[in-house]
Amino acid sequence: MIIKDPQKLLPQPIYEHWKRPDIVLEVPPHGIPLHSKSIEKLLSIANREAKIIVFRPILPITSELGLPCYPILAYLYPQKISAIWQRLRQQLETLIQNNALDNLPCLVVSEIDLDEQLYYFADYYGKAINPSYVRVIVGNTCNLKCVMCPYHSPVLKPTHTTEFFQGKKVMSWPMMQRLAKDCGEAGITIFIGSVEEPLLHPQIVEFIQLCKQQRVPKIHLTTNGQLLDSDRAIALLKAGLTSIDISLDAATPETYLKIRGADFHRVESNVINFLKIRDQSGIACEVRTSFVRNRDVSAEEEKLFFDRWLAKVDSIYFLNVAEYQKTNMRFNQTSEAVESSLQDYRQKAQGRWACLFPFLEIAILPDGRTYYCTETLFRLGFDQDVQSLGDYHQQTLQEIWSGHLFQQLRRDLILNQLEKRLACKDCDMWMSHVINRKIKDQCQIMTTTVTEIYSQAKSKV
């Protein structure tokens, strides 16, 4: 056997015991050693199949629901095609990415047993795959007090049992500089505005501009839009913002005042003006307006919102309202469009599959703590015991992402051993990556258990 293993990722015995000069085993330099069971499986297949063999592991259900693809960890191919292999490998990688292998003499090996799952998707996942996005929490304050907000509601805030939303916390400029650099170098998207009003941060425009300079691929901002006047709109667009979500939750001044306690006409004018400035400047920035389905808000109001915004923005977003109850956030309704798919996946997984969030995201708080999903952020005011998985003051983003705390969390999720993880044990959000997609009346509709996103069929959103 001819072995190409520049990083010495294979165990020594394989060099001594496999005498097959007609086969090449190539291990790409991703820094991920092959599990012994994977090696045995690949060599066994190579003895039976005169084909090119590609090894790229998957995690059952979770990979199907959107887990980023693992890199290809090994190729086995006949030695006689070595002269054309480099060109052929490039073509194969493109076809594998597009799932177009039906007519090729190539076998993709992906299914792995539990030991291998833990090895690749817990122990080595953080080294193999970067976060898809980082939630950057730039502060802890908001200029509105929306009734349903778990962070700033005048009804819910007095029930907080932690100090996170007391006083004023602002992410420092040095931390923002580090995040822009880390995410730019690793090609990681940045989301801003998960628990706070980000336009209150005095250096938010400079941060977005720095992210663009550092080549962060996408920079998203969620805002209530009250501060999104013309000057800020121009500054944000010129800085490099690539998408924005303006939370409205109403279609009339009366409902907006009841839910958000502020001037409806101001925010509506700000959104229309932002769209106008974007279109006149020719800057690419996707715009979405969102609507939380609060209690006592009528279906007629929702229809008014739909009719008002679908033709104007790139997409509109409906979210079933969440409430913090005892230990977890709960939704007052879930979308029926995914019920059939949910049942199929639960039957296939024989219960619960590994939640995607800790395989996709990191949330960095102003004090350097690191959280890992919307549920943990939802608990910021209520649960002092949510474990931070790292300290961004002391560690790099990569050290946190591939560190032992993230490794252990992913291991517990794969094994469904969550008794000691209160944020995970009774959470409902792990089901939210099941998606139903359809097109109706020239409108693309994407539905999950908790959301519905509508976009015009011509939109790229």
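What comes next concerns the included structure. Quantities reported herein were computed from a predicted structural model and do not represent experimental measurements.

Structural notes on the nonpolar core
Okay, step 1: One finds Y70, Y120 and F121 to be the most contacted residues of the largest nonpolar core, which totals 139 residues.
Okay, step 2: Tallying contributions element by element places helix α10 (residues 264-281) first for this core, with six residues.
Okay, step 3: Once residues within four sequence positions are removed from consideration, Y120 is found in contact with I32, P33, L34, H35, S38, F55, P57, Y70, L73, I112 and Y125.
Okay, step 4: Listed in part, the 11 residues of the second largest apolar core include Y75, I81, I96 and C106.

Digging into the side chain of E116
Okay, step 1: Relative to the helices and strands, E116 is located in helix α4 (residues 114-123).
Okay, step 2: Taking relative accessible area as the criterion, E116 reaches 1% and is therefore assigned buried.
Okay, step 3: Of note is the side chain of E116, whose polar atom sits 3.2 Å from the side chain of K41.
Okay, step 4: Look past the residues within four positions of E116 in its chain and what remains in contact with it is H35, K37, S38, K41 and F121.

As for the sheet that holds strand β11 (residues 315-320)
Okay, step 1: Taking strand neighbours across the sheet as the criterion, the 11 strands line up as β15-β14-β6-β7-β8-β9-β10-β11-β18-β17-β16 in an open arrangement whose pairing is mixed. Edge strands, defined here as strands with exactly one partner in the open sheet, are β15 (370-371) and β16 (436-440).
Okay, step 2: Direction of pairing for strand β7 (residues 189-192) relative to strand β8 (residues 219-223): parallel, over a ladder of three bridges. Residue pairing across strands places I192 opposite L221, the latter belonging to β8.
Okay, step 3: Against the sheet, helix α11 (residues 299-309) touches β10 (286-293), β11 and β18 (451-456), its axis set at about 175° to β10.

Details of the side chain of H433
Okay, step 1: Position of H433 relative to the elements: it lies in the loop between α17 (422-425) and β16.
Okay, step 2: Here H433 is in contact with L65, L356, F357 and L360, once residues within four sequence places are set aside.

Some remarks on the state of the cysteines
Linking two cysteines covalently through their sulfur atoms gives a disulfide.
Okay, step 1: Per the counting criterion, the structure on display carries zero disulfides.
Okay, step 2: C142 provides the cysteine sulfur closest to C146, a residue in no disulfide bond, and the two sulfurs are 6.2 Å apart.
Okay, step 3: We classify C146 as buried; its relative accessible area is 7%.
Okay, step 4: This cysteine, C427, is not joined by any disulfide, and C373 carries the nearest cysteine sulfur, 6.2 Å off.

Concerning the sheet that holds strand β2 (residues 23-26)
Okay, step 1: Within the open sheet, the five strands sit side by side as β1-β2-β4-β3-β5. Their pairing is mixed. Strands at the two margins of the open sheet, each flanked by one partner only, are β1 (2-4) and β5 (106-109). Pairwise comparison of adjacent strand axes, ignoring direction, gives a mean angle of 15° for this sheet.

A word on unusual backbone geometry
Okay, step 1: In this structure, D296 takes a positive phi of about 70° despite not being glycine.
Okay, step 2: The topology assignment puts D296 in the loop between β10 and α11.
Okay, step 3: Here the phi dihedral of Q350 falls at roughly 55°; this positive angle occurs in a residue that is not glycine.
Okay, step 4: Looking at the element boundaries, Q350 is found in the loop between α12 (339-349) and α13 (357-360).

Overview of the pairing of β16
Okay, step 1: Where β16 and strand β17 (residues 443-447) come together, five bridges link them in antiparallel fashion. Directly across from N436, in β17, lies its bridge partner T447.

Analysis parameters
Residues numbered from 1 in each chain as written. Predicted model: local features only at pLDDT ≥ 70, side-chain atom pairs only at ≥ 80, totals over all residues. Heavy atoms only, no water. Core = buried A, V, L, I, M, F, W, Y, C linked by side-chain atoms within 4.5 Å. Buried < 20%, exposed > 50% of the residue type's maximum accessible area, 1.4 Å probe, protein only. Helix = DSSP H or I, 4+ residues; strand = E, 2+ residues; numbered from the N terminus. Contact = heavy atoms within 4.5 Å. Polar contact = N/O pair within 3.5 Å; in protein donor to acceptor, adjacent residues only side chain to side chain. Pairing = 2+ DSSP bridges. Axes fitted to C-alpha atoms, helices over the stretch in contact; angles between N-to-C directions. Disulfide = S-S within 2.5 Å.

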